[in-house]
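Okay, here's what each chain looks like letter by letter:
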Amino acid sequence: MGNADYVYPSTSDEAAAAAGECNNDNNNSSSHSHKVAIPPPQPFVKSLKYNLKETFFPDDPLRQFKNQSPPRKLLLGLQYFFPILEWGPRYSLEFFKADLISGVTIASLAIPQGISYAKLANLPPILGLYSSFVPALVYAMMGSSRDLAVGTVAVASLLTASMLGSQVSAAENPQLYLHLAFTATFFAGLFQAALGLFRLGFIVDFLSHATIVGFMGGAATVVILQQLKGILGLDHFTHATDLVSVMRSVFSQTHQWRWESALLGFCFLFFLLVTRQFSKKRPKFFWVSALAPLTSVILGSLLVYFTHAEKHGVQVIGQLKKGLNPLSFGDLVFVSPYLSTAIKTGIVTGVIALAEGIAVGRSFAMFKNYHIDGNKEMIAIGTMNVVGSLTSCYLTTGPFSRSAVNFNAGCKTAVSNIVMALAVMLTLLFLTPLFHYTPLVVLSSIIISAMLGLIDVEATLHLWSIDKFDFLVCISAYAGVVFASVEIGLVLAVGISVLRVLLFVARPKTFILGNVSNSGIYRNVEQYPNAATVPGVLVLEIDAPIYFANSSYLRERIGRWIDDEEERLKISGEASLQYVILDMGAVGNIDTSGISMLEEVKKVTDRRGLKLALANPGAEVTKKLNKAKFIDNLGPEWIFLTVGEAVGACNYMLHSYKPAVNDDPHKDESVV
């Protein structure tokens, strides 16, 4: 009995007969069933090499080096780490014109945003300009994105302030706080570059889309709440970031609210939101919203200068130091108890910055139909942060708002970052005194305007309509950030995402398959209600690899499917269950616990007088089942290439004889 020794009617005819549908007139001939092949054994070293390659080098970056001369290999290696060597020789005047416009445009946004985000991180405002100069030059040489505009970001700035502020007060010990910020940036860069060099970019993938939407929305809300200090002109404010603490701090100081500051802040916020909405509706006028922050800074500075508003409660930036970035490699802190804080801050902010930068770069690369190597981007972003930490910069990445302006301005290459860096350099050399009278309330308005764009309500509602669990992850991340802290929100979101992965592995789906009428195709009866089950045969599909984490669940679930099917047949009065077929097509791999589970299922089916069959096992599964002697135990004739052939064989046996319950599981194989 089985597919090794017998000739059965064709799959289509048997499937139709089993389903009660005998409408195929062109399948009247008989054919031999195909035998499932056992893959030849592979040497352990070769198998290990293949698995390592698929894990760490899925994009096969070394392919371009094959059959190349040593000088060519050297050039390709340099081009891999410095893409500017690849596209630089082809650079044209036409490209430069486009990049010049883009670079000047993003510089007008980078200058006020850089100052604002540095204040958000409780760092000297000049660091925001430093961080838009050196890192941009490094990325232009090493980055593979044509559209990413480098600079500081609000979320990383907030994380820096929150995590470092828990150890050192920026107000009481500004020098140590500044040095810790450089040290955290140094470790962030090392971590980012290491992820890229060791091909560990998949770690960032644990920050799912839902996690990022919720975390970014929560962080944006926290940042907006923090700006109430600047909007209301408060001198003292809570260092906590949760909603309750911020609201308590705001409303416990109502007597210190400054209406002049609030009026100025809301006016500029209204101006920024109107210009952004205008540019959104009319994309050709993208430059209107791009220039709005710098325009606000200029107008605010002029207003304060001519009205002497700083004497009436409107706080200003004050003196900014002229000159280029001073070296800071001697300021890094490698002593306890501060070293652990710097490392922890660097790793957390580094992962967030990577996730944002790579996601933004890939988004715009998709629009222009070119590819971005995630690991190469990690090396570029990590290197620019290491170099930045040695030149008085703090954490930088590719912010969405600045990159969107760069994209809309028509940038062609990363030269737009060089143009921006040169514009910032000129500002550092000659224009910093002009920012003396810039009111802090304008910076708060710029930050609030930018953060409102990060609260993606539409994406959250989309998650609700598509996947409720993703929505739960998103809301958990948001609530954790807003009501607890940024760190707790991040840990909560990642924890729930990992829990979901574990649930996918530990609780895989199993389905009853039925025959789609007039075909030999078997599909899930819940998805295809018209698919007919086969009398006396239970066909189950296992929709995941079988590992130690899910083997016990699958054993119990298969037993429950059998119980349910026998109960259903008993109630309906149909023929009793005789065969159980497991469709293994979706089982990509199996471990020893999974094999033990199949052995236990076979023992259970034998005791109940049922016959177990497997259909469509993959190469890896078949190889391991053969090594474990499970195929010999089950009988090679009960391993089938397709579900249709398995059903055909079982249906043939049902029509040939009635199996009896016996203690010898192989006794029925000699009947025919």
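Residues numbered from 1 in each chain as written. Predicted model: local features only at pLDDT ≥ 70, side-chain atom pairs only at ≥ 80, totals over all residues. Heavy atoms only, no water.

As recorded in an unreviewed UniProt entry, the chain goes by STAS domain-containing protein and comes from Linum trigynum. The UniProt entry for the chain carries this comment under Sequence similarities (unreviewed entry): "Belongs to the SLC26A/SulP transporter (TC 2.A.53) family." (UniProt positions renumbered as here; feature names shortened; annotations may be inferred.)

Turning to the layout of surface pockets, a few remarks are in order. Computed from the structure, the largest pocket encloses a volume of approximately 1,600 Å³. Along the walls of the largest pocket sit 48 residues, with Phe 400, Ser 401, Ala 404, Gly 453 and Leu 454 positioned nearest its centre. Here the element with the most residues in the lining of the largest pocket is helix 15 (residues 338-368); it accounts for seven residues. The class makeup of the residues in the lining of the largest pocket is 32 nonpolar, 11 polar and five charged. Looking at the second largest pocket, its volume works out to about 1,000 Å³. Along the wall of the second largest pocket there are 36 residues; nearest its centre are Lys 119, Leu 120, Asn 122, Gln 226 and Lys 229. Per-class residue counts for the lining of the second largest pocket are 17 nonpolar, 16 polar and three charged. (1 Å grid on protein atoms, 1.4 Å probe; cavity = no way out; pocket = protein on both sides within 12 Å on 5 of 7 lines; lining within 4 Å. Points joined across faces, edges and corners; volume = space filled by probe spheres on them. Helix = DSSP H or I, 4+ residues; strand = E, 2+ residues; numbered from the N terminus. Nonpolar A, V, L, I, M, F, W, Y, C, P; charged D, E, K, R; others polar.)

Okay, the packing of helix 9 (residues 174-197) against helix 16 (residues 374-389) next. The interhelical angle for the contact between helix 9 and helix 16, taken along N-to-C directions, is 155°, at an axis separation of 7 Å. Classified by the angle between their axes, helix 9 and helix 16 sit roughly antiparallel to one another. Between helix 9 and helix 16 lies a crossing of left-handed hand. Between helix 9 and helix 16, the contacting residues are Phe 182, Thr 185, Phe 186, Gly 189, Leu 190, Gln 192, Ala 193, Leu 195, Gly 196 and Leu 197 on the first element and Asn 375, Met 378, Ile 379, Ile 381, Gly 382, Thr 383, Asn 385, Val 386 and Ser 389 on the second. By residue class, the composition of the contact of helix 9 with helix 16 is 10 nonpolar, nine polar and no charged. (Axes fitted to C-alpha atoms, helices over the stretch in contact; angles between N-to-C directions. Parallel < 35°, antiparallel > 145°, perpendicular 65-115°, else oblique. Left-handed = near helix turned anticlockwise from the far one by under 90°. Contact = heavy atoms within 4.5 Å.)

On to the pattern of salt bridges. Under the criterion given, the structure shown has 11 salt bridges. Residues Asp 235 and Arg 258 are paired through a salt bridge, measuring 3.4 Å at the closest nitrogen-oxygen approach. One end of the pair, Asp 235, is in the loop between helix 11 (228-232) and helix 12 (243-251); the other, Arg 258, is in the loop between helix 12 and helix 13 (259-281), with 23 residues separating them in the sequence. Taking relative accessible area as the criterion, Asp 235 reaches 43% and is therefore assigned partly exposed. The partner of Glu 565 in a salt bridge is Arg 568, with the nearest N and O atoms 2.8 Å apart. In this pair, Glu 565 and Arg 568 both sit in helix 23 (residues 548-572), three residues apart, roughly one turn of the helix. One salt-bridge network, in which partners are shared between bridges, spans Asp 467, Asp 470 and Arg 500. (Salt bridge = Lys/Arg side-chain N within 4 Å of Asp/Glu carboxyl O. Buried < 20%, exposed > 50% of the residue type's maximum accessible area, 1.4 Å probe, protein only.)

Here we take up empty space enclosed by the protein. Tallied over the full model, the rule gives three cavities of 30 Å³ or more. Approximately 50 Å³ is the volume attributed to the second largest cavity. For the second largest cavity, the full set of lining residues is Leu 207, Thr 211, Ile 212, Phe 215, Met 216, Ile 352, Ala 355, Glu 356 and Leu 490. Elements that contribute at least two residues to the lining of the second largest cavity include exactly helix 10 (209-226) and helix 15. In terms of residue count, the dominant contributor to the lining of the second largest cavity is helix 10 (four residues). Its residues assigned to classes, the lining of the second largest cavity shows seven nonpolar, one polar and one charged.

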